[in-house]
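Residues per chain are reported as follows:
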Amino acid sequence: MSTERTWVGPSAPERLGILRSTRSVAIVGMSNKPSRASYFVATYLRSSSPYRVYFVNPVLDEVLGEKVYPSLEHLPEPPDLVDVFRKDADLPGVAQEAVDAGAKTLWLQLGSWNEEAARIAEDAGLNVVMDRCVKIEHARFHGGLHLAGFNTGVVSAKRQVLA
């Protein structure tokens, strides 16, 4: 299997368009551990975005006081965006579940890159984003990077003089 990346994802304006048209997000691979990225993303989306956020994990019942669904097909509505926190081998299957659930976008988190999953989703008409974080992208486009300590308010390549 080739590790060469041949797939080209949506541009920044296209990703912004995806986020602006999204109304509901399903987090697949949601964890109940605060140290996990899915938990951090979930808390951000629930507090700083207008999205209805659903959690998907077949081994959990509740996280952050919210019901956790065993699969995408059990959600109360088709999710606009499926945000995936799963291992690489699971991604094509999750892509097919997203297609079957009527999702509009398959979003693979930072570090996740699977061209087979992308092909499955795109062949069915879904938008695909890989190797990007929904939280970071949303915050970047909506002025919220400072919430995580990323925005110092200074854009410069020069070192700050402290003395």
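For the structure, see preceding data.
Quick summary incoming for the structure in this document. (Residues numbered from 1 in each chain as written. Predicted model: local features only at pLDDT ≥ 70, side-chain atom pairs only at ≥ 80, totals over all residues. Heavy atoms only, no water.)

Re the packing of helix α3 (residues 91-101) against helix α4 (residues 115-123)
Convention followed: Think of each axis as a best-fit line through the C-alpha atoms, taken over the contacting stretch in the case of a helix, with angles from 0 to 180 degrees between the N-to-C directions. We count a stretch as a helix when DSSP gives it H or I for four or more residues in a row; a strand needs E for two or more, and each element gets its number in order from the N terminus. Throughout, the term roughly parallel applies to angles under 35 degrees, roughly antiparallel to angles over 145, roughly perpendicular to angles from 65 to 115, and oblique to all others. Should the near helix be turned counterclockwise from the far one by less than a right angle, the crossing is left-handed, whereas a clockwise turn marks it as right-handed. We call two residues in contact whenever any of their non-hydrogen atoms come within 4.5 Å of each other.
Running from N to C, α3 and α4 point in directions that differ by 15 degrees, and their axes come no closer than 8 Å. By the angle between their axes, α3 is roughly parallel relative to α4. For the pair α3 and α4, the crossing hand works out as right-handed. For the pair α3 and α4, the contacting residues are Leu91, Pro92, Ala95, Gln96 and Val99 in the first and Glu116, Ala117, Ile120 and Ala121 in the second.

Remarks on the pairing of strand β6 (residues 105-108)
Rules: Using a 1.4 Å probe on the protein chains alone, a residue whose accessible area is under 20% of its type maximum counts as buried, one over 50% counts as exposed, and one in between counts as partly exposed. At least two bridges found by DSSP between two strands are what make those strands a pair. Throughout, right-handed denotes a crossover for which the path from the first strand over the helix to the second runs clockwise when the strands point away from the viewer.
A two-sided burial pattern is seen for β6, the buried positions comprising Thr105 and Trp107 on one face and Leu106 and Leu108 on the other. Where strand β5 (residues 81-84) meets β6, four bridges bridge the pair, whose relative direction is parallel. When the bridges of β6 are listed, Val82 appears paired with Leu106. Once you follow β5 into α3 and on to β6, the crossover reads as right-handed. Note: β6 against strand β7 (residues 127-129), three bridges, orientation parallel.

Some points on the pattern of salt bridges
To be explicit about the condition: A pairing counts as a salt bridge when a side-chain nitrogen of Lys or Arg comes within 4 Å of a carboxyl oxygen of Asp or Glu.
According to the stated counting rule, one finds nine salt bridges in the structure shown. For Asp80, the salt bridge goes to Lys104, with nearest N and O atoms at 3.1 Å. Note that Asp80 is positioned in the loop between β4 (66-69) and β5 and Lys104 in the loop between α3 and β6, a separation of 24 residues in sequence. The exposure class assigned to Asp80 is buried, which follows from its relative accessible area of 10%.

Brief notes about the nonpolar core
The cut-off we apply is this: Buried Ala, Val, Leu, Ile, Met, Phe, Trp, Tyr and Cys residues that are joined via side-chain atoms within 4.5 Å together make up what is termed a nonpolar core.
Leu72, Val82 and Leu106 are the most contacted members of the largest nonpolar core, which totals 25 residues. Broken down by secondary-structure element, the contributors of at least two residues to this core are β1 (24-28), β2 (52-56), β5, α3, β6 and α4. Among the elements that make up this core, the one with the highest residue count is α3 (five residues). Apart from the residues within four sequence positions on either side, Leu106 is in contact with Val82, Val84, Ala95, Ala98, Ala117, Ala121, Leu126, Asn127, Val128 and Val129. Among the nonpolar cores identified, the runner-up in size contains 23 residues, and Tyr39, Leu60, Val63 and Val134 belong to it.

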